[in-house]
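# A structural walkthrough
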Amino acid sequence: MPAKTSKEVTDRQQSCGFVLTALWQQGTWLAERLRDLVQPDLEEGDEAPGFFPVIIALARKMGASINRLVVADEALYEANARYTGLRDQRAEVFSKLARMVARLRLTLINQYVAPHLVDLGLGNETARSPQPLLRQADRIVKIFAGEDLDKHLGESIFQEPANLRSQAAELAPLADDLRNNLRQVDEARRSLDEAKVARDKVRDQHDVIFVRSSRTFEDLCRLAGEKELADKVRPSAKRPGRRQQDPPEGGEATQDAGSEETSSPSQQAENVTSESVESTTEGANP
């Protein structure tokens, strides 16, 4: 599949950006509210708690986490783009080499009475995949450079037939290009696999940081008596890295504030379809 921006990461960016805004914008006010809440019950010798440093630390950690995820996702995008480009090159080189082999075979048939096609490496149809085509091209180059070529060619129809040795020799550099491309495709595929594993690992780590940090801030809001503000930052139980009240793609949030997420059968089917499509488009298929 062509390289594309990952929706699962941009969704997480959207959710994380909202919660980070809440941490920074309401952190000072919330810390003061919590300090006033617990202050009357502190006993002599108790140290006044500092809620604000905790909120700041959560914001710093979450911000660094989403930044790491974006960096890892961009690395995956670049690996996917390189892999896709090399596969496109493979198709071009393969097609050119296959056409040259097929035309060489037609030239033999048109210029010689009964050429020994099998002995010349051209007895079968042109190979339709890269590795067999390489084997065929290497075999043709070797045979046409050998001393027994004239014997295999047989009787010529024309007094001055085409120089088939030089034509066959032109297959060699194209075969080398295809061989190098296949190696590069394998290397790019492995790099893509590595980038995908690395991105998914960072994503999973971020999801833990997001849900625990959002839940902590939610609980602090509830402790301060701010139920509605707590509902706004509540993490989703079904969509990792997302808020419960984040709207679905192309729609508005339908959950009631503070309630558990529910969905109709049709919405559940839509979610399953979306997740299936996303899983098949992450990264390029070989």
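Let me begin by describing the structure that accompanies this report.

Conventions and cut-offs
- Residues numbered from 1 in each chain as written.
- Predicted model: local features only at pLDDT ≥ 70, side-chain atom pairs only at ≥ 80, totals over all residues.
- Heavy atoms only, no water.
- Helix = DSSP H or I, 4+ residues; strand = E, 2+ residues; numbered from the N terminus.
- Buried < 20%, exposed > 50% of the residue type's maximum accessible area, 1.4 Å probe, protein only.
- Areas by Shrake-Rupley, 256 points an atom, 1.4 Å probe, with all protein chains shown as cover.
- Phe/Tyr/Trp six-rings, centres within 6.5 Å; stacked < 30°, edge-to-face > 60°.
- Lys NZ or Arg CZ within 6 Å of the ring centre and 35° of its normal.
- Axes fitted to C-alpha atoms, helices over the stretch in contact; angles between N-to-C directions.
- Parallel < 35°, antiparallel > 145°, perpendicular 65-115°, else oblique.
- Left-handed = near helix turned anticlockwise from the far one by under 90°.
- Nonpolar A, V, L, I, M, F, W, Y, C, P; charged D, E, K, R; others polar.
- Core = buried A, V, L, I, M, F, W, Y, C linked by side-chain atoms within 4.5 Å.
- Contact = heavy atoms within 4.5 Å.
- Patch = residues over 30% accessible without salt bridge, like charges linked within 9 Å, V, L, I, M, F, W, Y side chains within 5 Å.
- Salt bridge = Lys/Arg side-chain N within 4 Å of Asp/Glu carboxyl O.

## Considerations on the overall build of the chain
Counting its regular elements, the chain contains 8 helices and 0 strands. Along its sequence from the N terminus, the chain presents helices and strands in the succession α-α-α-α-α-α-α-α. When the 286 residues of the chain are sorted by exposure, 37% land in the buried category. By element, 51% of the accessible surface of the chain is carried by carbon and sulfur atoms, the whole surface being about 16700 Å².

## Brief notes about the packing of aromatic side chains
In this structure the tally under the stated criterion is 0 aromatic pairs. Arg 189 extends its terminal NZ or CZ atom over the ring of Tyr 83, reaching a point 5.5 Å from the ring centre. One residue, Arg 243, lies across the ring of Phe 18, its end atom 3.8 Å from the ring centre.

## Considerations on the packing of helix H2 (residues 51-111) against helix H6 (residues 171-223)
Here H2 crosses H6 at 160 degrees, and the two axes come no closer than 7 Å. With respect to H6, the axis of H2 lies roughly antiparallel. With respect to the hand of their crossing, H2 and H6 are arranged in left-handed fashion. Its residues assigned to classes, the contact of H2 with H6 comprises 31 nonpolar, 10 polar and 12 charged.

## A short note on the nonpolar core
Counting 27 residues, the largest nonpolar core has Leu 108 and Phe 144 as the members making the most contacts within it. Those elements giving two or more residues to this core turn out to be H2, helix H3 (130-144), helix H4 (149-153), helix H5 (164-169) and H6. Considering every element that reaches this core, the biggest residue donor is H2, with 7 residues. Excluding anything up to four places from it in sequence, Leu 108 contacts Pro 115, Leu 117, Leu 120, Leu 122, Phe 144, Leu 153 and Leu 164. Among the nonpolar cores identified, the runner-up in size contains 24 residues, and Leu 34, Phe 51, Ile 55 and Ala 224 belong to it.

## With respect to a nonpolar patch on the surface
A cluster of nonpolar residues, Val 113, Ile 157 and Phe 158, forms a patch on the protein surface that exposes about 300 Å² of accessible area. Among the secondary structure elements, Val 113 is positioned in the loop between H2 and H3.

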